Amino acid sequence: MPLPVVYVQGFIGHLRFPELRAGLDPSRVISPDLLGFGEFAHRLPRSVADQVEHLERQISERFGDAPVLLAGHSGGAAVCVRFAQAWPGRVAGLVSAEGNLAPSDAFLSSRLAPMSGDAIRAWLEKARANPAAFVAQERMAFDTEQLARLEDWLAHQSAEAIHAMARALLVETVHPGYAMAVASVMASVPTYLIQGAKSVGALGVPPRLVAMAAGTITIPGTGHLMVLEAPEAVAAAVVAIIRELS
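Residues numbered from 1 in each chain as written. Predicted model: local features only at pLDDT ≥ 70, side-chain atom pairs only at ≥ 80, totals over all residues. Heavy atoms only, no water.

Novice: Before we move on, can you summarise unusual backbone geometry with the specific residues and values?
Specialist: Positive phi values are uncommon outside glycine, yet Ser-74 reaches one of about 55°. In this structure, Ser-74 sits in the loop between β3 (68-73) and α2 (76-86). Residue Ser-74 is classed as buried on the basis of its relative accessible area, which comes to 8%. A positive phi angle is found at Glu-98, which is not glycine, with a value near 55°. In this structure, Glu-98 sits in the loop between β4 (91-97) and α3 (107-112). (Helix = DSSP H or I, 4+ residues; strand = E, 2+ residues; numbered from the N terminus. Buried < 20%, exposed > 50% of the residue type's maximum accessible area, 1.4 Å probe, protein only.)

See below:
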C-alpha cells in the first residue's frame, strides 16, 4: 500500500486543499486540525508537546502504528520533529516545507508571540478585512484563487489560537534542546526540504542541516506560503519523495 502522508499545518490555517492530494491516494492522506484549530478550536495548546500528543492520536486513529511520511509546513515542521523524536519507528520520512528548523525560521511567530491579545486580534481582523494588502506587506502578490485559499486560512481559527501557537513555537524553537532534536532526527530519519524559489538565500536553516537533508526541492515562483501559492507543486514534490522512499 502507498505510504501514508500526514500534512501538518503551521500556526495559521490548515492543509486540506484538494490540490495538496494531487497524485496521492486520498484514502492515505490526512491533514488533521491541530489543537486550537477547526474542530479542536475549543482546546488551545500550551506547548508543542501538546500538539505532538494530539497528532499522535490523530495518526493512530487513522493508520495505527504504520510508518508515515510527515510533511510539516512552517511551524508544523517543529511538531513533526518532536513527533519523530518520540516515535522514530513510526516515521518513514519527514518533509520540512519551509519549516521552522531553527529559531531564525520562526520569523512570524517571533513577531506575534510577544504581542498582546488585543494586538493579535487587531492584526487578524486587519488581515481578514484585506487579504491582498496582508500579503502585499509581506512582499507577495496573490491571484484570485490564491487569495481565496488565504481567506479560508484566516477564517479557520481565532486570534487566541494564533497567539497560543505562536508562543508555543517560539518557546520550542529557541530552546537549546530543539537544535539537538532537529540534528538527531535528521541523522536518523530521511528528511527532505521543500523551499520556495523566492526564499532561497533568505532561509534561516543552518548550512549543516541543509547538508544533512536527504534532498532539497525548490518550487519555482513561490515563497514561504508555497502551500497557498502552488499546492499542486507541493503535492508533486511529496509524490517524488514517496517514490524515493519506496
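What follows picks up the thread again.
Novice: So what's going on with the packing of aromatic side chains? Which residues, and what values?
Specialist: Aromatic ring pairs are described here by two measures, namely the spacing of the ring centres and the angle between the planes. Summed over the entire model, instances satisfying the criterion amount to two aromatic pairs. Centre to centre, the rings of Phe-83 and Trp-87 are 4.9 Å apart; their planes meet at 45°, and the pair counts as tilted. A residue is classified by how much of its surface remains accessible, and Trp-87, at 28% relative accessible area, is partly exposed. An angle of 75° between the planes, with centres 5.6 Å apart, marks the rings of Trp-123 and Phe-134 as edge-to-face. In this pair, Trp-123 is assigned in helix α4 (residues 117-129) and Phe-134 in helix α5 (residues 131-136), connecting sequence segments 11 residues apart. (Phe/Tyr/Trp six-rings, centres within 6.5 Å; stacked < 30°, edge-to-face > 60°.)

Novice: I'd like a description of the pairing of β4, backed by residues and values.
Specialist: Of all seven residues in β4, six are buried; the element is thus mostly enclosed. The pairing of β3 with β4 spans six bridges and is classified as parallel. Looking at β4, one finds that Val-68 is bridged to Val-91. Taken together, β3, α2 and β4 constitute a β-α-β crossover, and its handedness is right-handed. (Pairing = 2+ DSSP bridges. Right-handed = clockwise from strand over helix to strand, strands pointing away.)

Novice: Before we move on, can you summarise the sheet that holds β3 with the specific residues and values?
Specialist: Spatially, the six strands line up as an open sheet ordered β2-β1-β3-β4-β5-β6, and their pairing is parallel. This sheet does not close on itself; its edge strands, each paired only once, are β2 (29-30) and β6 (215-219).

Novice: Before we move on, can you summarise the pattern of salt bridges with the specific residues and values?
Specialist: Counted under the stated rule, the structure contains nine salt bridges. We note a salt bridge from Arg-90 to Glu-56, for which the minimum N-O separation is 2.7 Å. Residue Arg-90 is found in the loop between α2 and β4, and its partner Glu-56 is found in helix α1 (residues 48-63); the two are separated by 34 residues along the sequence. The partner of Arg-121 in a salt bridge is Glu-160, and the shortest N-O contact between them spans 2.8 Å. In this pair, Arg-121 sits in helix α4 while Glu-160 sits in helix α7 (residues 159-174), placing the two residues 39 residues apart along the sequence. Take Arg-121: its relative accessible area is 32%, and that puts it in the partly exposed class. On the basis of relative accessibility, which here comes to 36%, the residue Glu-160 falls in the partly exposed class. (Salt bridge = Lys/Arg side-chain N within 4 Å of Asp/Glu carboxyl O.)

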